[in-house]
Amino acid sequence: MSTAAPDRSIDATLAELVEEFDLLGDWEGRIEYVIELGKELEPLAEADRIDANKVPGCAAQVWLAARHDGTRLHFLADSDSALSKGNIALLLRLYSGRTPAEILAFDARAALDRLGLPSALTRQRANGLNAMVGRIREEARGAA
């Protein structure tokens, strides 16, 4: 887990993702890219694969562990589904290493709409993505 702050703002990270998604073109390419992001996640320790870290509302099992270093929140995550793992990896790219205030000020729904992600997912997967964002925001509120 990196304790360093991200090298760019959350909005700059989103702009970078939008650019990457635009280059991919169709939804199939975008979904494949999201799955590739999931493959880059560091393995989650068995100690973090506990019920308390499960994200409710996801079709697949998703675990999200948060670490607060006093200033910033760092997230570790995994899923038993390639697409859910990719979705949480995408969210970690946006949120991990941010302050609680940065996380809470960021409009995730608008960001995900800019990426066109919810419309590319089934309703159940889109609900799971929203549940993941909700869990990240919940951790930020608890740490603020």
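Residues numbered from 1 in each chain as written. Predicted model: local features only at pLDDT ≥ 70, side-chain atom pairs only at ≥ 80, totals over all residues. Heavy atoms only, no water.

Details of the overall build of the chain
- Scanning the chain from terminus to terminus reveals seven helices and two strands.
- Starting at the N terminus and walking to the C terminus, you meet the elements of the chain as α-α-β-β-α-α-α-α-α.
- Relative to the globule expectation of 15 Å for 144 residues, the C-alpha radius of gyration of the chain, 14 Å, shows essentially globular dimensions.
- Referenced to the eigenvectors of the C-alpha coordinate spread, the extents of the chain come out at roughly 40 × 30 × 25 Å.
- For the chain, the proportion of its 144 residues judged to be buried stands at 44%.
- A sequence separation of at least 24 residues applies to 66% of the contacts in the chain between residues at least 6 apart.
- In the structure as shown, the chain presents an accessible area of about 7,200 Å², 49% of it carried by carbon and sulfur atoms.
- On the chain, the mean spot of the 17 positive side-chain charges and the mean spot of the 23 negative ones are 4 Å from each other. (Helix = DSSP H or I, 4+ residues; strand = E, 2+ residues; numbered from the N terminus. Rg over C-alpha atoms; globule rule 2.2 N^0.38 Å. Buried < 20%, exposed > 50% of the residue type's maximum accessible area, 1.4 Å probe, protein only. Contact = heavy atoms within 4.5 Å. Areas by Shrake-Rupley, 256 points an atom, 1.4 Å probe, with all protein chains shown as cover. Lys, Arg positive; Asp, Glu negative; His and termini not counted. Charge placed at Lys NZ, Arg CZ, Asp CG, Glu CD.)

Re the nonpolar core
- Ranked by size, the top nonpolar core spans 39 residues in total, and within it Leu91, Tyr95, Leu115 and Leu117 carry the most contacts.
- Elements represented by at least two residues in this core include exactly α1 (10-24), α2 (27-39), β1 (62-68), β2 (73-79), α3 (82-95), α5 (108-115) and α7 (123-143).
- Contact partners of leucine 115, with chain neighbours within four places excluded, come to Leu14, Leu17, Val18, Phe21, Trp27, Arg30 and Leu90. (Core = buried A, V, L, I, M, F, W, Y, C linked by side-chain atoms within 4.5 Å.)

Examining the side chain of threonine 99
- Mapped onto the fold, threonine 99 is located in the loop between α3 and α4 (100-105).
- When near neighbours in sequence (up to four residues on either side) are disregarded, threonine 99 contacts Thr71 and Arg72.

Here we look at α1
- For α1, which comprises 15 residues, the first-to-last C-alpha distance of 21 Å matches the rise-based estimate of 21 Å (1.5 Å per residue) to within 8%.
- All buried positions along α1 are accounted for by Ile10, Thr13, Leu14, Leu17, Val18 and Phe21. On an axial view of α1, the arc spanned by its buried residues comes to 140 degrees, and they lie on one face. Turned more than 90 degrees away from the buried face of α1, the exposed residues are Glu19, Asp22 and Leu23.
- Two residues or fewer past α1, glycine 25 is found with a positive phi of approximately 75 degrees. (Expected span 1.5 Å × (residues − 1). Arc of directions from axis to C-beta.)

Everything listed here is a matter of geometry and, on its own, says nothing about what the molecule does.
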